[in-house]
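# Remarks on the overall topology
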Amino acid sequence: MKKTLKSMYFMLKYAWSLDKLYLLLRIPITLVSSLRPFILIIYPAKIIDAIMNGSEIGIINRYIIEMALLQLLAGFLSYLFNKLLTIRYNAFEYKHSLAMGRKVMNVSFPITEDAEVLDLIERIKSIGYIEKSFESLFSFVSCFITIVGLVWVLAEVNIFVMLTIAIVLVVNIILNRRLKLYNYQWQKEAAPYRRRNDYLLRLMYGFQYGKEIRVNQMESYLTDKYDEHSVEYLAKMKKVGDRYFLINNLTSLAAVVQLLVVYMSLSGSALAGAITIAEFTKFINAVNSLSSSLVRFSNGFVEIRNNFNYVEDLMNFFSLEEDKSDSEKKNLNKGDVEIEFCNVSFKYPNTTHYALENVSVKIPPKSKITIVGLNGSGKTTFTKLMLGLYKPTSGHIYVNGVDINEFDSKAYLKRFACAFQDLRMFAYPIRENIVLSQDYDKKKLEETIDQCELMSVIEKLPLKIETPIFKFLDKAGVEFSGGETQKIEIARAVYKDSDVVILDEPLASLDPVSEYNMDYGIHKMVNDRTCIFVSHRLSLARGCDQILVFDKGHLSESGTHDELMHIKDGKYADMYNKQSSFYVAEENVNNE
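Criteria and cut-off values
- Residues numbered from 1 in each chain as written.
- Predicted model: local features only at pLDDT ≥ 70, side-chain atom pairs only at ≥ 80, totals over all residues.
- Heavy atoms only, no water.
- Helix = DSSP H or I, 4+ residues; strand = E, 2+ residues; numbered from the N terminus.
- Buried < 20%, exposed > 50% of the residue type's maximum accessible area, 1.4 Å probe, protein only.
- Contact = heavy atoms within 4.5 Å.
- Areas by Shrake-Rupley, 256 points an atom, 1.4 Å probe, with all protein chains shown as cover.
- Axes fitted to C-alpha atoms, helices over the stretch in contact; angles between N-to-C directions.
- Parallel < 35°, antiparallel > 145°, perpendicular 65-115°, else oblique.
- Nonpolar A, V, L, I, M, F, W, Y, C, P; charged D, E, K, R; others polar.
- Pairing = 2+ DSSP bridges.
- Expected span 1.5 Å × (residues − 1).
- Arc of directions from axis to C-beta.
- Phe/Tyr/Trp six-rings, centres within 6.5 Å; stacked < 30°, edge-to-face > 60°.
- Patch = residues over 30% accessible without salt bridge, like charges linked within 9 Å, V, L, I, M, F, W, Y side chains within 5 Å.
- Salt bridge = Lys/Arg side-chain N within 4 Å of Asp/Glu carboxyl O.
- Core = buried A, V, L, I, M, F, W, Y, C linked by side-chain atoms within 4.5 Å.
- Lys, Arg positive; Asp, Glu negative; His and termini not counted.
- Charge placed at Lys NZ, Arg CZ, Asp CG, Glu CD.

With that settled, the discussion passes to the overall build of the protein chain. Looking only at helices and strands, the protein chain has 20 helices and ten strands in total. Buried residues in the protein chain amount to 44% of all 592 residues. In the protein chain, once contacts between residues fewer than 6 apart in sequence are set aside, the share between residues at least 24 apart is 76%. Surface summary for the protein chain: the accessible area is close to 32,500 Å², and the carbon and sulfur share equals 59%.

Okay, structure coming up:
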């Protein structure tokens, strides 16, 4: 109960912070809903009593008109407030979705790769449970008000009838509680199934995967996977359906037993002259209304407990650690940046092996660094740690002599620009994909586009720089090649007013001519900034101030190209010689 009250407080406070009117409109709806049943309990009894006592037709008609007008007023008010609530619900849904989106974008980066957190988000991403939480809460309050009034009306009914109603109420609460708990547990278990199936559906529906699916004839592969995941899911759903069927039949049986007892008892009282026909009608209507109110009351009680399990999930979601701006922490001001790793080791969450171990290196301001190594050697982990996305398991990372944990994380990241290997474009204009904001420096943007060899491509498009990428949101959108997409990603990093630029595999998707031009051009574009290349293309490394060679999580070699080429049995020299041998072999073939 304590957890339910805590969740209730959070839900009310959360809704109040997003949209006060959405919450306030439920008060008149609750009052109208709770008082409306009494119209058809009190007035029919008055009308019958007037008829039985031979009252004038005017009095009888007055009761009928009053009943009709009150019913009309109650219906109008209910419709009006529910209509207003529907409008406010749309606004609340928008604000809630925005609040969740902001939270997801600000949670600490490691959390975004936690499967349990992904399942948590899967459970709460639909707003339906919030609306159900309020419906069940205010329905519970409405039923409570109605029940108090009905108990007062039924004060003259014998104790046996009231006892039967109370027993049926307890049975309904127990049965429904068991059912809702089972359903909530199932929803938790179902989240991974839904997440997997949603992913498969995105693959099937997504046109960006169309070429791979058709060329590789993946239709059967994907549909078989979907069927495989669905079989177990549907089998579990059948068990849930069977449980619902059983419990609903048991609650129906309890309701029938209650109906028999009430009608037989009140009929006996009427035949014995203990109550009048008008009172019999009033009590029957009151008992029927009380029965339905008690069912809704018990269901509401159970629904509150059940829906507030999801609210508790929402509380847990909003309590996830965030990378927030902290005025008490230091700012990394614009200017020269010196980065130093001191005995840094790192293990990813829920793993036992080190992705990086005892790495120590200093990167001077405005230097050009290339990070090389085989797949899984720790290159990307090194850059994630540098960006502060992960914290070292041991050791320290210093920027200008200050531990990066002492900097405000948002201010710190402003000094970095990145072009990641997994290229991410947004379904918005090319301009917005580069500047990532509405305000921009037109001259600087044009220079960046020209430097990244995008001008000739963009000038051919009807909407030029305002051409959307992809067709998801606009039929005028275009699909760029991998190389063109990579150039946009590089332009995004170059355009940002940063002190450090990190380019992860910047030449991977480029043709040989573009690779040659960009190799020279990138050095020129970031000449006044620290630039860190992560690349398998060792052509970038030759012109760099320092090359860092990673091997199985260790920094095995560091130095200039010439220095590393002279290390006997060196890993860099071996990689460079093997890579260059392909070009030599190809040249010999062409000469022949």
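The phi angle at N343 is positive, at roughly 50°, despite the residue not being glycine. For N343, the location among the structural elements is in strand β1 (residues 339-346). One non-glycine residue, K464, lies in positive phi territory at about 55°. Mapped onto the fold, K464 is located in the loop between α16 (455-459) and α17 (482-495).

On to the packing of helix α4 (residues 39-52) against helix α5 (residues 57-106). α5 packs onto α4 with a crossing angle of 170° between their chain directions and a minimal axis gap of 9 Å. As summarised for this structure, α4 and α5 are arranged roughly antiparallel, according to the angle between their axes. Judged by residue contacts, I39, L40, Y43, P44, K46, I47, A50 and I51 of α4 engage I60, Y63, I64, E66, M67, L70, Q71 and A74 from α5. Classifying every residue of the contact of α4 with α5 gives 13 nonpolar, one polar and two charged.

On to the sheet that holds strand β3 (residues 368-373), then. Read from one edge of the open sheet, six strands run β6-β7-β8-β3-β9-β10, paired in mixed fashion. Edge positions in the sheet fall to β6 (416-419) and β10 (554-559), since each of these pairs with one other strand and no more. Strand-to-strand, the axes of this sheet are offset by a mean angle of 15°, without reference to chain direction. The sheet contact formed by β3 and strand β8 (residues 530-534) spans four bridges and is parallel. Across the sheet, residue T370 finds its bridge partner in β8, namely F533.

Moving on, we get to helix α1 (residues 2-18). Helix length check: α1 (17 residues) gives 24 Å between terminal C-alpha atoms against 24 Å at 1.5 Å per residue, within 8%. If you check which residues of α1 are buried, you get T4, S7, M8, F10, M11, Y14, A15 and L18. Axial view of α1: buried residues confined to an arc of 165°, hence all on one face. For α1, exposure combined with an orientation more than 90 degrees from the buried face picks out K2, K6, Y9, K13 and S17.

This part takes up the packing of aromatic side chains. Counted under the stated rule, the structure contains 17 aromatic pairs. With 5.8 Å between their ring centres and 10° between their planes, F10 and Y14 make a pair best called stacked. Of this pair, F10 and Y14 both sit in helix α1, four residues apart, which is roughly one turn of that helix. Centre to centre, the rings of F382 and F550 are 5.2 Å apart; their planes meet at 50°, and the pair counts as tilted. With a gap of 168 residues between them, F382 in helix α12 (residues 379-387) and F550 in strand β9 (residues 546-551) connect regions that are remote in the sequence.

The subject of this paragraph is a nonpolar patch on the surface. Among the surface-exposed residues, L70, L73, F76, L80, L84 and I87 lie close enough to one another that they form a single nonpolar patch of about 510 Å² accessible area. With respect to the helices, strands and loops of the structure, I87 is situated in helix α5.

The buried fraction of β9 is high, at five of six residues. As paired elements, β3 and β9 share five bridges and run parallel to each other. Within β9, the residue paired with V372 across the bridge is V549. Note: β9 against β10, five bridges, orientation antiparallel. Bridging from a neighbouring strand, D551 pairs with H554 of β10.

In helix packing, the relevant descriptors are the interaxial angle and the interaxial distance, both defined with respect to the helix axes. As a packed pair, α1 and α5 sit with axes 10 Å apart at the nearest point and diverge in direction by 105°. Viewed along their axes, α1 and α5 adopt a mutual orientation that is roughly perpendicular. Judged by residue contacts, Y14, A15 and L18 of α1 engage F92, K95, H96 and A99 from α5. Across the contact of α1 with α5, the residue classes tally to five nonpolar, one polar and one charged.

This part is about the pattern of salt bridges. Here the idea is simple: oppositely charged side chains can pair when their charged atoms come close. In total, this model carries 16 salt bridges according to the counting rule given. Note that K330 and E406 form a salt bridge whose closest N and O atoms lie 3.4 Å from each other. Here K330, found in the loop between α11 (277-318) and β1, pairs with E406, found in the loop between β5 (402-403) and α13 (409-413); they are 76 residues apart in sequence, far enough to count as distant. Residue class for E406 comes out partly exposed when judged on its relative accessible area of 39%. Across the pair K334 and D499 runs a salt bridge, and its minimum N-O distance is 3.5 Å. Remark: D499 occurs in the loop between α17 and β7 (500-504) and K334 occurs in the loop between α11 and β1; sequence separation between them is 165 residues.

Moving on, we come to the environment of P37. Residue position: P37 is located in the loop between α3 (26-35) and α4. When the C-alpha atoms of P37 and A286 are compared, they prove to be 8.5 Å apart, with 249 residues separating the residues in sequence. Setting aside residues no more than four positions away along its own chain, P37 makes contact with T146 and S289.

As a further point, take the nonpolar core. Within the largest apolar cluster, 57 residues are counted, with the highest numbers of intra-cluster contacts made by Y14, F92, I130, F134, L266 and L314. Within the residue set of this core, elements represented by two or more residues are α1, α2 (20-24), α5, α6 (115-124), α7 (128-153), α8 (159-205), α10 (219-271) and α11. Here this core takes 15 residues from α11, the largest share from any one element. Dropping the residues within four chain positions of it, F92 is found in contact with Y14, A15, L18, D19, Y22, I127 and I130. In terms of nonpolar packing, the next biggest core, distinct from the first, is built from 34 residues, M425, Y495, C531 and L540 among them.

This brings us to a negative patch on the surface. A cluster of acidic residues, D441, E446, E447, D450 and E459, forms a negative patch at the surface. If one sorts the elements of the negative patch by residue count, helix α15 (residues 442-451) sits on top with three residues. Structurally, E446 is set in helix α15. Overall, E446 belongs to the partly exposed group, its relative accessible area being 40%.

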